[in-house]
Amino acid sequence: LKVGIEGQNSLEDYIVDISLKRDNSISFSAIGELDFTPKKPILDIIVDFEEFKLDAFSPLGEDVFNNIRGYAYGNVNLTGQLNNPDMTGELYLDQAGLYFPYLNVDYLFEGTSVVTLEKQTFTLEDVKIRDTKHKTSGELKGTIAHKFFDNWALNLNLNTNNLLVLDTEETEES
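Asker: Any details on the overall build of the chain? Residues and values, ideally.
Answerer: Secondary structure assignment for the chain yields one helix and eleven strands. Along the chain, from the amino end to the carboxyl end, the secondary structure elements read β-β-β-β-α-β-β-β-β-β-β-β. On the principal axes, the C-alpha backbone points of the chain span a range of 65 × 40 × 30 Å. A buried classification covers 32% of the 174 residues belonging to the chain. As displayed, the chain has an accessible area near 11400 Å², and 52% of this comes from carbon and sulfur atoms. One finds the centroid of the 14 positive side-chain charges in the chain at a distance of 2 Å from the centroid of its 30 negative side-chain charges.

Written out as structure tokens, the structure reads:
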């Protein structure tokens, strides 16, 4: 991990140059500017992903979803307020998947999945999912939006003839 932060003749305006190298290739880079001059700090950063391992995001899902895996490619421009930036760009996910502990279901995203980012919204475009246990499948479309990375809203459409969505044992208290 290489982090370069250089002040622009003040203690409130910085040029940022961050990169993460894996197997002698840069898998993540973020280049741009952070400005703490306004009351609400702003940023203008371009983030590039090249075979970036998604495993690092597993802790974000906590107990809701985990075992996030696969690779991300693409670039995203982050602008606006530091605590709620506008995102613009596309990410391509390969060999991606995740596990929902409460449902006891693990899903793979088949092929390359496209995620478009606009403002505070992630748009899933024709993501084909398959459960790893019974190999049932479906197609997922829709949006995941946030406000300040806290207030999340889902608008998802799942089209399937047969998809495993719950794989738990029945108990007296269930």
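On we go.
Asker: An account of the nonpolar core is needed here, citing residue identities and associated values.
Answerer: Judged by nonpolar contacts, the single largest core of 30 residues is most densely connected at Val47, Phe49, Val76, Leu93 and Phe109. At the level of elements, β3 (25-35), β4 (42-53), β5 (66-81), β6 (86-100), β7 (105-110), β8 (112-119) and β9 (121-131) are the ones that each hand at least two residues to this core. With near-sequence residues (within four places) excluded, phenylalanine 49 lies in contact with Ser27, Phe28, Ala72, Tyr73, Gly74, Val76 and Leu91.

Asker: Give me the side chain of aspartate 167: which residues, what numbers.
Answerer: If you trace the backbone, aspartate 167 turns up in the segment after β11 (151-162). Those residues within four positions of aspartate 167 in sequence are excluded, and the remaining contacts are Leu103, Asn104, Val105 and Lys133.

Asker: Any chance you could break down the environment of glycine 32 for me, citing the residues and the numbers?
Answerer: Along the chain, the position of glycine 32 falls in strand β3. Judged by relative accessible area, glycine 32 falls into the buried class, the value being 15%. Separated by 27 residues in the primary sequence, glycine 32 and isoleucine 5 have C-alpha atoms spaced 9.8 Å apart. Here glycine 32 is in contact with Tyr14, Ile15, Val16, Asp44 and Ile45, once residues within four sequence places are set aside.

Basis of the calculations
- Residues numbered from 1 in each chain as written.
- Predicted model: local features only at pLDDT ≥ 70, side-chain atom pairs only at ≥ 80, totals over all residues.
- Heavy atoms only, no water.
- Helix = DSSP H or I, 4+ residues; strand = E, 2+ residues; numbered from the N terminus.
- Buried < 20%, exposed > 50% of the residue type's maximum accessible area, 1.4 Å probe, protein only.
- Areas by Shrake-Rupley, 256 points an atom, 1.4 Å probe, with all protein chains shown as cover.
- Lys, Arg positive; Asp, Glu negative; His and termini not counted.
- Charge placed at Lys NZ, Arg CZ, Asp CG, Glu CD.
- Core = buried A, V, L, I, M, F, W, Y, C linked by side-chain atoms within 4.5 Å.
- Contact = heavy atoms within 4.5 Å.

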